Amino acid sequence: MKKYTYTDKKDTRSGFGAGLLEAGRKNDQVVALCADLIGSLKMNDFIKEFPERFVQVGIAEANMMGIAAGMTIGGKIPFTGTFANFSTGRVYDQIRQSIAYSNKNVKICASHAGLTLGEDGATHQILEDIGLMKMLPGMTVINTCDYNQTKAATLAIAEHDGPVYLRFGRPVVPIFTDPDQKFEIGKAWMVNEGADVSIFATGHLVWQAILAGEILAEEGIDAEIINIHTIKPLDAEAVLKSVAKTGCVVTAEEHNRLGGLGDSIAQVLATHNPTPQEYVAVNDSFGESGTPEQLMTKYGLDAEHIVLAAKKVMKRKQNAVISI
Amino acid sequence: MKPTIQELEKTASQIRRDIVRMVHACQSGHPGGSLGCTDYFTALYFSVMNHDPKFNMDAVGEDIFFLSNGHISPVFYSTLAHAGYFDKAELATFRKLNTRLQGHPTTHEHLPGVRIASGSLGQGLSVAIGAALTKKLNGDKSLVFTLHGDGELQEGQIWEAAMFAPHNKVDNLISTIDVNGQQIDGPTNLVLSLGDLHAKWEAFGWDVLEMKGNDMADVVKTLELAKSRTGQGKPIMILMHTEMGYGVDFMVGSHKWHGVAPNDEQLQLALGQLEETLGDY
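The structure displayed is predicted, hence computed values, not measured ones. (Residues numbered from 1 in each chain as written. Chains lettered and ligands numbered in written order. Predicted model: local features only at pLDDT ≥ 70, side-chain atom pairs only at ≥ 80, totals over all residues. Heavy atoms only, no water.)

Q: Describe the overall build of chain B, naming the residues involved and giving the relevant values.
A: A tally of regular secondary structure across chain B gives 10 helices and 7 strands. In terms of overall size, chain B behaves like a compact globule, its C-alpha atoms giving a radius of gyration of 17 Å where 281 residues would be expected to give roughly 19 Å. In terms of principal-axis extent, the alpha carbons of chain B reach across some 50 × 45 × 35 Å. The buried share among the 281 residues of chain B stands at 59%. Sequence-distant contacts, at least 24 apart, represent 76% of the contacts inside chain B between residues at least 6 apart. Taking the average location of the 22 positive side-chain charges in chain B and that of its 33 negative ones, the two points are 5 Å from each other. (Helix = DSSP H or I, 4+ residues; strand = E, 2+ residues; numbered from the N terminus. Rg over C-alpha atoms; globule rule 2.2 N^0.38 Å. Buried < 20%, exposed > 50% of the residue type's maximum accessible area, 1.4 Å probe, protein only. Contact = heavy atoms within 4.5 Å. Lys, Arg positive; Asp, Glu negative; His and termini not counted. Charge placed at Lys NZ, Arg CZ, Asp CG, Glu CD.)

This is how it looks when you write it as C-alpha cells:
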C-alpha cells in the first residue's frame, strides 16, 4: 500500500478559485458568471483581477446558463458558478437545450455537491447531479478529490473544447495530490496498485478509499485504488484492466447509488466482463441537516463502509468461483 | 442597394408560399406564427441586418439574430435559404428523417444561420444577452436581434433576462415580441393575461417601441429607428403587432392554425392567395 500523507487541508472549491484565476491569466477569453454566490465559489480573486470579465447575474440561474451559452458566440469561454443543485437540477432544460444540444463551450462549475452543504439540508444538497449531467450527450463530467486536483481540472477544462460539468465540494479535505499535476480529462488516476479488490472512488471519497486501503492492508487485503475523477468519458480501459486482475469491485461516491459513478462502471462491466460489485453511495434518498462529517457517517460514505463493502464483495467473488 | 418595400413584399410573399408548402409536405409544423412574422424576417434579413450568408458561428463584425420561439422554424428556414445560407431545395426536407431542418432549429445539424437551439421556450433572450455582452467585450459594434412569441413571456426566465439587460446596460440588443395574442390553448388573454406589455417592459428599464408587424414599410422604419437608438444605455424592445396566419384568409387571427398543417385543398387555396414571385423551391 502506497503511503499518502498530507501537510495541509483545504476545500476543493478554493482549488477552483485558484484555477479560475490562473486560467483567466492564461487566456483572456475566459469569463466568469455567478448567481449571487461569489464567496461560496471562491471567485473573488478572479473578479479583483478581471472585473470586466465577470458577470454578476443575481439569483437567476436559468438566465445565467443562457447568458453563458450566448457568450460563447464570439469566442468567450464562460465558467458559471453556483451550488451543484442550482447548477444542474434547477436549470436542466436550459443546460440541455442552450448548452449541451447546442454544443456550447460552457464550463458549469458546481460547488457544495453531495451532502457537504450539511446543515442547510436537502434543498441545498444534491445527490443526483452526476446522473443528470452524464445523461446529456456530449457533456463531460468531472468530480475532483482535493484542492490541487480541482485547480488542475479547472485549468484543463479551460483548454477543452465543449461543455463540461465540474463538481466539487465545500469541506476542508486533505491535500494529497501533486501541486504541479497535469490533469488529463478521461484518464483515471492510479492511486494504489493491488490484487485483491478494485476500489473505484470519485471526489471526496477518494481520500476515504485511501484510508480504507490502509485498514484493509493491515488485514492482509491488497486493494487497488483508482481515482475516477472523470465520470464521463469514463476510462473503461483502466476499469477493465483493474478488474481483470482483482475480479471484484467497490465503487465509492457522494451521490445517489442510482445513476452515478457506480452505475457507469456497472455498465462497462456488464457489457465486457460481468464482475461482483458493491456500491458505497447514498441509498436512493434525499439528504438531511447535520454536519458534513455526521452525514458522511450516517449515509455510509466513509472508509469504514468502503472496508465493509470490500470484504463483502471479495466473499461474493470467492462464492462465484466455488459455484463454478 | 437596399431593396424597396415592394421588393421586400415580393420576397415575403414567396416566403409565405414556402411556409405553407413546407408544413403541408410533412403534414406538421407551425404555419400561423410563421406567416405572422414573415414581414419581420424579410425586413431583417434583406434590409436591416448586416450579415454574411457565408456563415460563421462567432459572427465577429456582423449582426446576429436569435429565434427564441423556435416553433416558427418554417419562416426562419425559408428566410435563411432565400438569403443564401443554404440551397432553397433543402426546404423540401423540412421535418423529414435525416434533415438539417429539424422541427425546431438546432446547431446540432450544423445548419448555416442557426447559432442556438430553440424550441423549449423562454431561453433565447438570455442567450442573446450573452452574445451581446461578448460583442461588447470584443469591441464589436454590431448588433444582436431576437424574436419572441407573446405566449413565451409566460416563461419565468424571460423576466430574469428582462431584469438583467437594463441593469447591465446591454444597449446593443434589439428584441422583438410577436404580439399576436394567440397561443396553443387559445387567446393569450384567456390562457394567462400578459397585461400592459409596454408598461411592463418600460418598468423593467427597456426602451420600448411598437410597430405594425404586417406592414412592411412600418417594420423597416421601426427596425431602423431601433438601430438608431442603440448605444444609449438601454436595451430595445419592439412590440410587434401581427396577425397569426397573415396572408392566408382562412388562417388569419385564429390560434387554430398555431400548429396544424393544411390539407391538399387548403394548400391550393392558400397558394392562390399568395402571389408567386420568385419561384417555388
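From this point, the narrative continues.
Q: With reference to specific residues and values, describe the interface of chain B and chain A.
A: Contact with chain B, which involves 28 residues of that partner, is made by 28 residues of chain A. Both sides together, the interface formed by chain B and chain A hides about 2,200 Å², and carbon and sulfur atoms give 55% of it. Of all residues in chain B, the largest losses of buried area upon contact with chain A belong to Gln123, Leu137 and Glu160 of chain B, amounting jointly to 23% of the total for that side. If you look at where chain B meets chain A, you find 20 residue pairs in polar contact (both at pLDDT 80 or more). Looking at the side of chain B that touches chain A, the elements with two or more residues in it are strand S1 (64–67), helix H5 (124–137) and helix H6 (156–167) of chain B. No other element matches the 8 residues that H5 of chain B contributes to the side of chain B that touches chain A. (Buried area = accessible area lost by both parts, 1.4 Å probe. Polar contact = N/O pair within 3.5 Å; in protein donor to acceptor, adjacent residues only side chain to side chain.)

Q: Explain the sheet that holds strand S11 (residues 223–227) of chain A to me, and be specific about the residues and the numbers.
A: All names here are of chain A. Taken in spatial order, the 5 strands make up an open sheet running S9-S11-S10-S13-S14, and their pairing is mixed. Across the chains shown, the open sheet's two edge strands, defined by having one partner strand only, are strand S9 (189–192) and strand S14 (277–282). Across the sheet, the axes of successive neighbouring strands diverge by a mean angle of 25°, strand direction being ignored. Bridge analysis of strand S10 (residues 197–201) against S11 gives 5 bridges, and the strand direction is parallel. By the bridge assignment for S11, serine 198 is matched with glutamate 224. Helix H10 (residues 236–246) contacts S10, S11 and strand S13 (249–256) of the sheet and is inclined by roughly 155° relative to S10. (Pairing = 2+ DSSP bridges. Axes fitted to C-alpha atoms, helices over the stretch in contact; angles between N-to-C directions.)

Q: Provide a residue-level description of helix H3 (residues 38–48) of chain B, including the pertinent values.
A: The element H3 of chain B is largely enclosed, with a buried count of 10 among its 11 residues. Listed as buried for H3 of chain B are Thr38, Asp39, Tyr40, Phe41, Thr42, Ala43, Leu44, Tyr45, Ser47 and Val48 of chain B.

Q: Can you lay out the state of the cysteines for me, pointing to particular residues and giving the numbers?
A: Residues and elements named next belong to chain A. The full count for this structure, using the stated rule, is 0 disulfides over all chains. Looking at cysteine 109, it has no disulfide partner, and the nearest cysteine sulfur is the one in cysteine 34, 11 Å off. According to the relative accessible area criterion, cysteine 109 is buried, its value standing at 0%. The thiol of cysteine 145 is unpaired, and the distance to the nearest cysteine sulfur, on cysteine 109, comes to 17 Å. The exposure class assigned to cysteine 145 is buried, which follows from its relative accessible area of 2%. (Disulfide = S-S within 2.5 Å.)

Q: Before we move on, could you go through the packing of aromatic side chains and cite the residues and values that matter?
A: All names here are of chain A. Tallied over the entire structure, the rule returns 22 aromatic pairs over all chains. Considering the side-chain rings of phenylalanine 176 and tryptophan 189, the 6.5 Å spacing of their centres and the 25° angle between planes classify their relative orientation as stacked. Of the two residues, phenylalanine 176 is situated in the loop between strand S8 (172–174) and S9 and tryptophan 189 in strand S9; the sequence distance between them amounts to 13 residues. Judged by its relative accessible area of 8%, phenylalanine 176 is buried. (Phe/Tyr/Trp six-rings, centres within 6.5 Å; stacked < 30°, edge-to-face > 60°.)

Q: Tell me about the environment of arginine 17 of chain B, and please be specific about residues and values.
A: Residues and elements named next belong to chain B. For arginine 17, the position within the fold is in helix H1 (residues 5–26). C-alpha of arginine 17 to C-alpha of leucine 190: the two residues are 173 residues apart in sequence and 31 Å apart in space. Beyond its immediate chain neighbours, meaning those up to four positions away, arginine 17 contacts Leu271, Leu274, Glu275, Glu276 and Asp280.

Q: Could you give an account of helix H1 (residues 12–26) of chain A, with specific residues and numbers?
A: All names here are of chain A. The terminal C-alpha atoms of H1, which comprises 15 residues, lie 21 Å apart, in line with the 21 Å expected from a rise of 1.5 Å per residue. Counting buried positions along H1 gives 11 out of 15 residues, so the element sits mostly inside the fold. Looking at H1, one finds that the buried residues are Thr12, Arg13, Ser14, Gly15, Phe16, Gly17, Gly19, Leu20, Leu21, Ala23 and Gly24. (Expected span 1.5 Å × (residues − 1).)

Q: Describe in detail the pairing of strand S3 (residues 173–179) of chain B, supporting the description with residues and values.
A: All names here are of chain B. In terms of burial, S3 is largely enclosed, as 7 of its 7 residues are buried. Judged by which residues are buried, S3 turns out to be covered on both faces: Leu173, Ser175, Ile177 and Val179 on one side and Ile174, Thr176 and Asp178 on the other are all buried. The sheet contact formed by strand S2 (residues 144–149) and S3 spans 6 bridges and is parallel. Pairing of phenylalanine 145 across the sheet is with isoleucine 174, part of S3. Read as a crossover between parallel neighbours, the route from S2 over H6 to S3 is right-handed. Here S3 pairs with strand S7 (residues 236–241) via 6 bridges, running parallel. Residue aspartate 178 lies in a different strand from S7, and its bridge partner there is methionine 240. (Right-handed = clockwise from strand over helix to strand, strands pointing away.)

Don't take any of this as a statement about function, it's just geometry.
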